[in-house]
Amino acid sequence: MFRCNLGSSVKYLASLSALGRHHILQNSRCFLCRMSTSPNPVAAVCQVTATPDKEANFSGCKQLLEEARQRGACMVFLPEGFDYIGSSREETLSMSEPLGGDIISRYTQLARKLDVWLSLGGFHERGHDWENDRRIYNSHVIINSKGDILSVYRKSHLFDVELPEKGVSLKESAFTIPGPSLVPPVQTPIGKVGLGICYDLRFPELSLALQRHGADILTYPSAFTVATGAAHWEVLLRARAIETQCFVLAAAQVGRHHEKRSSYGHALAVDPWGEVVGDCGREKPGMVLVEVNLDKVSRTRKNMPVQQHRRDTAFYHSMSQTCL
């Protein structure tokens, strides 16, 4: 398991002697400290603390993108709510934008400037009938290194959950429109990426559908609550990796967004065997850099060919009434 917090690690390394830096680079378990000399592409999985301050959020994300690119990442993953997390329904709606608005435009320019691909994991997109119904989509946007929007997945499973004993009460459907469909995995420099968002993680049907359509990597940008994150976050991510034999990359929100809401953190990267290969912890913003070796995907699927052993869809809807 690899943990890192970007700013503190960079400052610490800069303060060391050349010999000390060499020792850290050779022995640290932090992926941040590994420079990209591998033939495998590198992805940066980020962790942020978004607030209702959109400008501050953009500034923090921009710094992460710049540093990730400097360290060799060709694709950077930001979490759900990277643009902002509002303190009320009214604030959340008032700050939303159309897909062609200012915030996505700034990220397309940044992708082009840095020559990096972006997974923007949960954008508050105004719905197509915004003037009449004042509702939004929770949209996952993929931007290539030329600044083109290649894919938009709108979250299909909405988080309407009341857990009084855990202090969890959220009703996403009160202001969010469920997405109409899945979208095909996107060919990127790190492989074919299948798109989900947060609560979608709990539905294996979605991950299996993406795998059947060629996904090598699944991504679940999230803002998990502290209570549900502590109980289920890692085990669900590892389960999705194991059952699909895909890499799973999950950018995350961390810490206190405002007086009403906090997030669990632990942005994770999981390999096709289900091993956690990157973990940002739960203290502060940062990132993990992950080498995406697609040979691991093919080897895992060859050695344990569960997809070949899967029965047809009709079988899983059948139920024999025959008594033994």
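Taking an unreviewed UniProt entry as the reference, the chain is identified by name as Deaminated glutathione amidase belonging to Poecilia latipinna. Checking UniProt for the chain, the heading Sequence similarities (unreviewed entry) contains the comment "Belongs to the carbon-nitrogen hydrolase superfamily. NIT1/NIT2 family."

Engineer: Can you tell me about the overall build of the chain, naming the residues and giving the values?
Structural biologist: Secondary structure assignment for the chain yields 11 helices and 16 strands. Excluding contacts between residues fewer than 6 apart, the proportion of contacts in the chain whose partners are at least 24 apart in sequence is 71%. A total of about 15,200 Å² of accessible surface is found on the chain, and carbon and sulfur atoms cover 52% of it.

Engineer: Give me the lowdown on the nonpolar core, citing residues and values where you can.
Structural biologist: With 46 residues, the main nonpolar core has Phe 77, Ile 190, Trp 233, Leu 237 and Leu 249 as its most contacted residues. Val 48, Cys 61, Leu 114 and Phe 123 belong to the second-largest nonpolar core, a separate cluster that totals 27 residues.

Engineer: Any details on the state of the cysteines? Residues and values, ideally.
Structural biologist: Taken as a whole and assessed by the stated rule, the structure comprises zero disulfides. For Cys 46, which is in no disulfide, the shortest distance to another cysteine sulfur is to Cys 280 and amounts to 7.4 Å. For Cys 46, a relative accessible area of 0% gives the class buried. Here Cys 61 stays free of any disulfide, with the sulfur of Cys 46 as its closest cysteine sulfur at 7.6 Å.

Criteria and cut-off values
Residues numbered from 1 in each chain as written. Predicted model: local features only at pLDDT ≥ 70, side-chain atom pairs only at ≥ 80, totals over all residues. Heavy atoms only, no water. UniProt positions renumbered as here; feature names shortened; annotations may be inferred. Helix = DSSP H or I, 4+ residues; strand = E, 2+ residues; numbered from the N terminus. Contact = heavy atoms within 4.5 Å. Areas by Shrake-Rupley, 256 points an atom, 1.4 Å probe, with all protein chains shown as cover. Core = buried A, V, L, I, M, F, W, Y, C linked by side-chain atoms within 4.5 Å. Buried < 20%, exposed > 50% of the residue type's maximum accessible area, 1.4 Å probe, protein only. Disulfide = S-S within 2.5 Å.

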